[in-house]
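Listed here are the chains, written in short residue letters.
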Amino acid sequence: MREQYRSTPLHESDLAATPMEQFAHWFAEAAAAALHEPNAMVVSSVSADGRPSSRIVLLKHFDDQGFVFFTNYDSRKGREIDANASVCLLFPWHPLARQVIVTGEASRVGRAETAAYFRTRPHGSQLGAWASEQSAVIASREELTGRYEELAARYPEGEQVPVPPHWGGFRVAPDMVEFWQGSENRMHDRLRYARDETAAGGWRLERLSP
């Protein structure tokens, strides 16, 4: 299976001064193209013994400080990130023949930021954050739904659900961001911002061979 990518070449002069500005441009274009969940990203972490793992998570916020997602801190990714803060994010925007690859350091966001986001979640999702001991082995789906039903009875619709102490956000502060755009004959464009305090704006832009 192979697809011939056809797109306008991506030049250094086309890119913004910083990777977060450029990401905002591409993210807006992905959203405007009506891609399904353009904020879906692959988050890769590494365990203390060097074993990598990946999963799809939804980006919930980004700004000049980095990319934010939320999770159960006791999950596999939560425990791995606490042990090794180096992570990689991948946004696979296949219909646009584009990828964005981010490497950086993850750190927990403050509880106030976590609580503010938790309040925006649907009631059912708030209950789900309590019901699921994410990544833990369970006996059956009935065990999970039983926990959820108990919580639903304790916190009916309209009643405030407390923020789980084991649940919160991570912010990934990038040190490298690559913008990949497919082109014909595997002559893809790969432009990467690398953090460099000696460069203008704190970032060095470099082209990689495809």
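Before reading on, note that the structure itself is shown above.
Reading guide: rules and limits
Residues numbered from 1 in each chain as written. Predicted model: local features only at pLDDT ≥ 70, side-chain atom pairs only at ≥ 80, totals over all residues. Heavy atoms only, no water. Helix = DSSP H or I, 4+ residues; strand = E, 2+ residues; numbered from the N terminus. Contact = heavy atoms within 4.5 Å. Areas by Shrake-Rupley, 256 points an atom, 1.4 Å probe, with all protein chains shown as cover. Lys, Arg positive; Asp, Glu negative; His and termini not counted. Charge placed at Lys NZ, Arg CZ, Asp CG, Glu CD. Axes fitted to C-alpha atoms, helices over the stretch in contact; angles between N-to-C directions. Parallel < 35°, antiparallel > 145°, perpendicular 65-115°, else oblique. Left-handed = near helix turned anticlockwise from the far one by under 90°. Nonpolar A, V, L, I, M, F, W, Y, C, P; charged D, E, K, R; others polar. Core = buried A, V, L, I, M, F, W, Y, C linked by side-chain atoms within 4.5 Å. Buried < 20%, exposed > 50% of the residue type's maximum accessible area, 1.4 Å probe, protein only. Phe/Tyr/Trp six-rings, centres within 6.5 Å; stacked < 30°, edge-to-face > 60°. Lys NZ or Arg CZ within 6 Å of the ring centre and 35° of its normal.

> Quick one: what's the story with the overall build of the chain, residue by residue and with numbers?
Looking only at helices and strands, the chain has 5 helices and 9 strands in total. In terms of principal-axis extent, the alpha carbons of the chain reach across some 55 × 40 × 35 Å. Taking the intrachain contacts of the chain between residues at least 6 apart in sequence as the baseline, contacts between residues at least 24 apart amount to 63%. Entry remark: accessible area of the chain is about 11,600 Å², with carbon and sulfur atoms responsible for 52%. The average position of the 23 basic charges and that of the 28 acidic charges among the side chains of the chain differ by 3 Å.

> Outline the packing of helix α4 (residues 123–131) against helix α5 (residues 141–154), supporting the account with residue identities and numerical values.
Helix-helix packing is characterised by the crossing angle of the two axes and by the distance between the axes. α5 packs onto α4 with a crossing angle of 125 degrees between their chain directions and a minimal axis gap of 9 Å. It follows that α4 is oblique to α5 by the angle criterion. Relative to α5, the crossing made by α4 is right-handed. Residues Gly124, Leu127, Gly128, Trp130 and Ala131 of α4 form the contact with α5, whose participating residues are Leu144, Arg147, Tyr148, Leu151 and Ala152. Looking at the contact of α4 with α5 residue by residue, the class counts come to 7 nonpolar, 2 polar and 1 charged.

> Account for the nonpolar core, naming residues and giving values.
In this structure, Phe23, Phe67, Phe69, Leu89, Phe91, Trp93 and Val100 are the most contacted members of the largest nonpolar core, which totals 30 residues. Breaking this core down by element, the ones donating at least two residues are α1 (19–32), β1 (40–46), β4 (66–72), β5 (86–93), β6 (98–108), β7 (167–181) and β8 (189–195). With 5 residues, α1 is the largest single contributor of residues to this core. One finds Leu127, Ala129, Val161 and Trp167 within the second-largest nonpolar core, a separate group that totals 13 residues.

> Any chance you could break down the environment of Ala129 for me, citing the residues and the numbers?
Summarising the element assignment, Ala129 is placed in helix α4. Judged by relative accessible area, which is 8%, Ala129 ranks as buried. With 38 residues separating them along the chain, Ala129 and Trp167 place their C-alpha atoms 7.3 Å apart. Here Ala129 is in contact with Phe118, Pro164, His166 and Trp167, once residues within four sequence places are set aside.

> Give a detailed account of the packing of aromatic side chains, specifying residues and quantitative values.
The final tally for this structure, using the stated rule, is 17 aromatic pairs. Plain terms: the ring middles of Phe23 and Phe91 are 4.9 Å apart, the flat faces sit at 55 degrees to each other, and that makes the pair tilted. A residue pair is termed long-range when its members are at least 10 positions apart, and Phe23 in helix α1 and Phe91 in strand β5 qualify at 68 residues. Take Phe23 and Phe91: they sit in the same class, and that class is buried. The structure contains a cluster of three or more aromatic residues connected by ring pairs, namely Phe23, Phe27, Phe62, Phe67, Phe91 and Trp93. Residue placement shows Arg98 over the ring face of Trp26; its charged tip is 4.1 Å from the ring centre. Lying over the aromatic face of Tyr73, Arg108 brings its terminal NZ or CZ to 3.7 Å of the ring centre.

These figures come from the coordinates and say nothing about function on their own.
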